[in-house]
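Read off the chains here:
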Amino acid sequence: LEECLDLVLTCPNEGCENKIKRREMGSHHQKCPKEVIKCPYHNIGCETEMKREKMDEHMEINTKAHLQNAVEKIREQRKCPIVIKFSEFSKHKICKDGWYSSGFYTSAGGYKIRLRLD
């Protein structure tokens, strides 16, 4: 029974009485209104976790706080100087095709960039 993908189960989320086949449980969790989820702004400091069905209300009520958190994160990132140390510059400069660094991210969830020397 543990491996039967057609076995009908009750959603384990408190308050959800939906009966779902095991094979469809993963997609149900992605949209279940009773699933506890993190605020989409958790990466900038909002620690709220609540049922999906309540998240729209949270987003509307906390728009100002989310914006203030975002502004603060931007200010923090501006304070961090970017230092790139490159040894033997002249050796790489001579190469006619230029030099490219490996790709790297500006921050967690930030832009992916790479450097080029001509």
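Conventions used here
Starting afresh in each chain, residues are numbered from 1 along the sequence in its written order. Side-chain atom pairs in this predicted model are given and counted only at pLDDT of 80 or more, local residue features only at pLDDT of at least 70, and totals for whole chains, interfaces and linings cover all residues. Heavy atoms from the whole structure form the basis of all side-chain values; hydrogens and water molecules are not counted. Side-chain atoms within 4.5 Å are what join buried Ala, Val, Leu, Ile, Met, Phe, Trp, Tyr and Cys residues into a set we call a nonpolar core. Exposure categories follow from relative accessible area, calculated using a 1.4 Å probe and restricted to protein chains: below 20% of the type maximum is buried, above 50% is exposed, and the middle band is partly exposed. Residues count as neighbours in contact if any of their non-hydrogen atoms are within 4.5 Å of one another. In this text, helices come from DSSP runs of H or I with a minimum length of four residues, and strands from runs of E with a minimum of two, each type numbered from the N-terminal end. Polar contact is the term for a pair of N or O atoms within 3.5 Å; when the atoms are in protein, one must be able to donate a hydrogen and the other to accept it, and sequence-neighboring residues count only if both atoms are side-chain atoms. Grouping into patches uses exposed residues only, defined as over 30% relative accessible area, and leaves out salt-bridged ones; the cut-off is 9 Å for like charges and 5 Å for nonpolar side chains (Val, Leu, Ile, Met, Phe, Trp, Tyr). The method behind every accessible area is Shrake-Rupley, applied with a 1.4 Å probe, and residues are considered shielded solely by the protein chains displayed. Any carboxyl oxygen of Asp or Glu that lies within 4 Å of a side-chain nitrogen of Lys or Arg is treated as forming a salt bridge with it.

Student: Looking at this structure, how should I read the nonpolar core?
Tutor: General note: in soluble globular proteins, nonpolar side chains tend to be found buried as a group. In terms of nonpolar packing, the biggest core is built from five residues, these being C11, C16, I20, M25 and C32. Sequence-distant contacts of C16, that is, excluding residues within four places in its chain, are made with T10, C11, H28, C32 and K34.

Student: Even after reading the chapter, I still don't get the environment of K34, so can you show me in this structure?
Tutor: Residue placement: K34 occurs in the loop between α1 (25-31) and β3 (36-38). Not counting the four nearest positions on each side in its chain, K34 is found in contact with N13, E14, G15, C16, K51 and E53. Among the polar contacts made by the side chain of K34, one reaches the side chain of E53 at a distance of 3.0 Å.

Student: Just checking my understanding: could you explain a nonpolar patch on the surface for this structure?
Tutor: Together, F104, Y111 and I113 give the surface a local cluster of nonpolar side chains, amounting to about 320 Å² of exposed area. Here F104 shows up in strand β6 (residues 104-105). Among the residues examined, F104 registers a relative accessible area of 32% and is labelled partly exposed.

Student: What exactly am I supposed to notice about the environment of H29 here?
Tutor: Tracing the backbone shows H29 in helix α1. The partly exposed category is assigned to H29, whose relative accessible area is 21%. Look past the residues within four positions of H29 in its chain and what remains in contact with it is C11, P12, N13, E35 and R52. Within the local environment of H29, its side chain forms a polar contact with the side chain of E35, the two groups lying 2.8 Å apart.

Student: Whenever I open this one, the side chain of H58 confuses me. Can you help?
Tutor: If you trace the backbone, H58 turns up in helix α2 (residues 52-61). Here H58 falls in the buried class, since its relative accessible area comes to 8%. Look past the residues within four positions of H58 in its chain and what remains in contact with it is C39, C46, T48, M50 and H66.

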